Amino acid sequence: MRYQRSSALFSKAQQVLPGGVNSPVRAFQAVGGTPIFVNQAKGAYLFDEDGNRYIDYIASWGPMILGHAHPPVIEAIIGKAQKGTSFGMPTEIETTIAELVVSMVPNIDKIRFVNSGTEACMSAIRLARGFTGREKIIKFAGCYHGHSDAFLIQAGSGAVTFGSPNSPGVTQGTAKDTLLASYNNLQQVAQLFEANTHEIASVIIEPVAGNMGCIPPQEGFLQGLRDLCDQHGAMLVFDEVMTGFRLARGGAQELLGVGADIVTFGKVIGGGLPVGAFAARTEIMDHLAPTGKVYQAGTLSGNPLAMAAGLAMLTELNNRPEIFDSLNQKTAYLHQGMESVLKKEGIPYQINRVGSMISLHFSETPVTDFDSAVLGNNDQFKSYFHGMLDQGIYLPPSAFESYFLNDAISYADLDTTIEALKKVLKNRG
Ligand code: KE4
């Protein structure tokens, strides 16, 4: 692979963009080397500025579940753009997509659209605090809920990658209200509730973690959280920014059979345009301004272009629920193929998979939480990442991320990926 133009563009970008990027994980600092600059994408493939083609396993970190430049989504955006791009006034399409989401997702009556997953999670916590009158929240080490202050305490994703789980700039005043537990450790959560009686507004969790690599909830864990929240009058917030509209039509609530009080969305819901959302039963959502007193607002919230892209994507997922099974089968095929290659090479590994989310960890230890996720051999991950990249396979540039398969990936692409892994492991130093 040649990367000359990406390298030149990266040097130029660093003059005017911190780190040359608008989101840290894109800078390849966790894997070294120069980030590739994308020129365009279509279906399962990315094309960089040097003309290299890649099979894409990040799908823009989740949104592109139908593949890149999916015609119905593109047509919806173009059609809407010709009527104007933003009005700052109510439009019918916001109601249309809201009705569709409410019909797809369990336990919600109303939804508020925002512009990112961060905004959705930040607002959901404010709503939980406003609704309960309590101030503390419980989050899980390694889970990432966006970059608002309350969550940058032992956060996952890029925050871990940068070894700065507690970001500078987050005040002690904020941090004191964020209590930490380990993923899959119900006892720690029970102890936090006992030690902070009547003070905890909410438990927020990724129902399937995707920011430490992919980590499934162990049997009974989520239901245990549900029971503890009911027992102590706290709100259970499912951060479904990754899992929503990916693990099932109704997301993790549907797949895993546990109901949340507030659900947050991002990524797929916007069809590749900037959309986040949070949703709950009417009695909770009506605490939001202008009905209630919990303030939340946004100039571009419910933006017509973003709504059009999201509506086109969700409509197809709603009308073709077989996509979820197809994605799951493709991911299982990839899992089995990788596993057989890794076993043959005698390399210690863990593969975690839920639906079309999957991650590979070079470790002897099962990856069930943040502490076990960090035990992976990062040098081995780096050479795996670059070895695959050089063969035209684009994986997340960090061991603390999940892969996201998209519907355009073919079994031939999967076989190419498995063959590439075989070569990488055979050529390893
Ligand atoms: P955004 O603000 O990036 O739209 O969403 C934040 C967020 C919230 N909740 C979960 C479970 C998430 O995974 C995310 C964002 N995911 C990362 C990938 N790990 C986005 C990639 C990036 O930061 O550039």
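All figures in this text were calculated on a predicted structure; none of them were measured in a lab.

## Examining the side chain of E316
Residue placement: E316 occurs in helix α11 (residues 304–319). Setting aside anything within four residues of it in sequence, one finds E316 in contact with L66, H70 and P72.

## A closer look at the site of the ligand
The local shell around the ligand holds 17 residues, among which S23, T118, N211, D239 and E401 are the closest. S23 is positioned with one of its side-chain polar atoms (N or O) 2.6 Å from an oxygen atom of the ligand. Within the backbone of G117, an N or O atom sits 2.9 Å from an oxygen atom of the ligand. Here the ligand, which alone exposes 540 Å², has 87% of that area covered by the protein. By residue class, the composition of the shell around the ligand is five nonpolar, eight polar and four charged. Per-domain counts for the shell around the ligand show at least three residues from each of domain 1 (4–69 + 321–426) and domain 2 (71–319).

## Looking at the environment of F238
Secondary-structure assignment places F238 in strand β8 (residues 235–239). The spatial distance from the C-alpha of F238 to the C-alpha of P207 is 6.0 Å, given a sequence separation of 31 residues. In this structure F238 touches I205, P207, L222, Q253, V258, A260, I262, V263 and T264, once residues within four positions along its chain are discounted.

## What to know about the sheet that holds strand β14 (residues 403–404)
Spatially, β11-β12-β14 is the arrangement adopted by the three strands of the open sheet, whose pairing is antiparallel. Sheet topology places β11 (350–354) and β14 at the edges, where each strand pairs with a single neighbour. With two bridges connecting them, strand β12 (residues 357–361) and β14 associate as antiparallel partners. Bridge assignment links I358 to a residue of β14, and that residue is Y403. The sheet strands contacting helix α12 (residues 322–345) are β11, β12 and β14, and the helix crosses β11 at an angle near 175°.

## Here we look at the domain arrangement of the protein chain
For the protein chain, the assigned domains read domain 1 (4–69 + 321–426) and domain 2 (71–319). Inter-centroid distance (C-alpha atoms) of domain 1 to domain 2 is 25 Å. Contact residues are listed per partner, giving 37 residues for domain 1 and 40 residues for domain 2. Between domain 1 and domain 2, a total of about 3100 Å² is buried, with carbon and sulfur atoms accounting for 69% of that surface. Of all residues in domain 1, the largest losses of buried area upon contact with domain 2 belong to F324, M357 and F370, amounting jointly to 21% of the total for that side.

What counts, and where the lines are drawn
- Residues numbered from 1 in each chain as written.
- Predicted model: local features only at pLDDT ≥ 70, side-chain atom pairs only at ≥ 80, totals over all residues.
- Heavy atoms only, no water.
- Helix = DSSP H or I, 4+ residues; strand = E, 2+ residues; numbered from the N terminus.
- Contact = heavy atoms within 4.5 Å.
- Near = heavy atom within 4 Å.
- Polar contact = N/O pair within 3.5 Å; in protein donor to acceptor, adjacent residues only side chain to side chain.
- Areas by Shrake-Rupley, 256 points an atom, 1.4 Å probe, with all protein chains shown as cover.
- Nonpolar A, V, L, I, M, F, W, Y, C, P; charged D, E, K, R; others polar.
- Domains from an automatic or database assignment.
- Pairing = 2+ DSSP bridges.
- Axes fitted to C-alpha atoms, helices over the stretch in contact; angles between N-to-C directions.
- Buried area = accessible area lost by both parts, 1.4 Å probe.

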